Amino acid sequence: MKKSKRILFFVGDAPFFVSHRINLVRGAVANGYMVTVACPAHTTAIKTILASGADWAEWKVNRGGTSIFGEILSFLRAFAIVWRTKPAIIQAIAIKCILHAGIVSKFLHIPIVGAVSGLGYVYTGKASGMKKVLRRTINGFMGFGLNRRNVSFIFRIPTTRRWLSLQD
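Pairing is parallel in the open sheet, where 6 strands are placed in the order E3-E2-E1-E4-E5-E6. Looking along the sheet, the strands with just one partner apiece sit at the ends: strand E3 (55-58) and strand E6 (151-155). For this sheet, the mean angle separating the axes of adjacent strands, direction not counted, is 20°. Here strand E4 (residues 89-93) runs beside strand E5 (residues 112-116); their pairing, made up of 4 bridges, is parallel. Across the sheet, residue Ala92 finds its bridge partner in E5, namely Gly114. Relative to E3, helix H3 (residues 43-51) is tilted by about 145°, and along the sheet it contacts strand E2 (34-39) and E3. With respect to the sheet, helix H5 (residues 95-108) is in contact with strand E1 (6-11), E4, E5 and E6, its orientation differing from that of E5 by roughly 170°.

All right, on to the nonpolar core then. One finds Phe10, Trp59, Val82 and Ile90 to be the most contacted residues of the largest nonpolar core, which totals 26 residues. Elements supplying a minimum of two residues to this core: E1, helix H4 (68-85), E4, H5, E5 and helix H6 (130-146). Considering each element in turn, this core owes the most residues, 8 residues, to H5. With sequence-adjacent residues up to four places away left out, Trp59 is seen in contact with Phe10, Val11, Ala38, Cys39, Pro40, Ser74, Arg77, Ala78, Ile81, Cys97 and His100. By size, the runner-up hydrophobic cluster in this structure holds 18 residues, among which are Ile7, Phe9, Val18 and Val25.

Now for the pairing of E4. Of all 5 residues in E4, 4 are buried, a share of seventy percent or more. Note on the crossover from E4 through H5 to E5: the handedness is right-handed.

Below, the discussion takes up the side chain of Gln91. With respect to the helices and strands, Gln91 occurs in strand E4. Contacts of Gln91, omitting those with residues within four sequence positions, involve Leu8, Phe9, Phe10, Leu24, Val113, Ala115 and Ile154.

This paragraph deals with the pairing of E5. Successive side chains on a regular strand alternate, one facing one side of the sheet and the next facing the other. The buried fraction of E5 is high, at 5 of 5 residues. Residues of E5 alternate between two faces, with Ile112, Gly114 and Val116 on one and Val113 and Ala115 on the opposite face, all of them buried. Note that E5 and E6 share 5 bridges and pair parallel. Paired with Gly114 across the strands is Phe153, a residue of E6.

Reading guide: rules and limits
Residues numbered from 1 in each chain as written. Predicted model: local features only at pLDDT ≥ 70, side-chain atom pairs only at ≥ 80, totals over all residues. Heavy atoms only, no water. Pairing = 2+ DSSP bridges. Helix = DSSP H or I, 4+ residues; strand = E, 2+ residues; numbered from the N terminus. Axes fitted to C-alpha atoms, helices over the stretch in contact; angles between N-to-C directions. Contact = heavy atoms within 4.5 Å. Core = buried A, V, L, I, M, F, W, Y, C linked by side-chain atoms within 4.5 Å. Buried < 20%, exposed > 50% of the residue type's maximum accessible area, 1.4 Å probe, protein only. Right-handed = clockwise from strand over helix to strand, strands pointing away.

So far we have only geometry, and geometry alone does not tell us how the molecule works.
Here is the structure:
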C-alpha cells in the first residue's frame, strides 16, 4: 500500500486510547488506511486495537517519567517506530507523545496532529523549582519540534489552548 495511506498514532496510555479514540482507527481502516498504534503494552487494550484492524507497535514510554536517559530512550524508540512504519501522518495524543513524535516528525518531514486532552502535571499549578525547569525545557523542545507548517493541534478543552498561548 502507498505511503499516503498510512497513519501512526502515538499514545501513552493504551486503555485511554481504546476508550476514547478507537473509533478513529476503525474509521481510518474502513476508508482504506493502514493504521499503526504505538503505545505501551496492555494486553486487553492491545487485543482491542488489533481487532479494530490496526497494527500495534510497542512503545515503551513512562508517562510521568522525567529521567533524561529514559526520555532519550523513548525518543529513540519513537524514531525507530516512525522509520519502520513510514506513515504519511502522525497523530500524537497527550503532551509527552506530542513532544517525542513532534521532534521525530520534524526530522523525517512528516505532518503531525497533536491532540491535547489536558495539560498534565507540568502545566498545572504554580511553576517553581523543578517544575519550572521542566516546563521551560519542555516548551523549548516543543518549540523546536512543532514550530513549522505541517503541524496541527486538536484541543479538547478550550481553556488549554488559551493557556498555552499565554506561556513564554
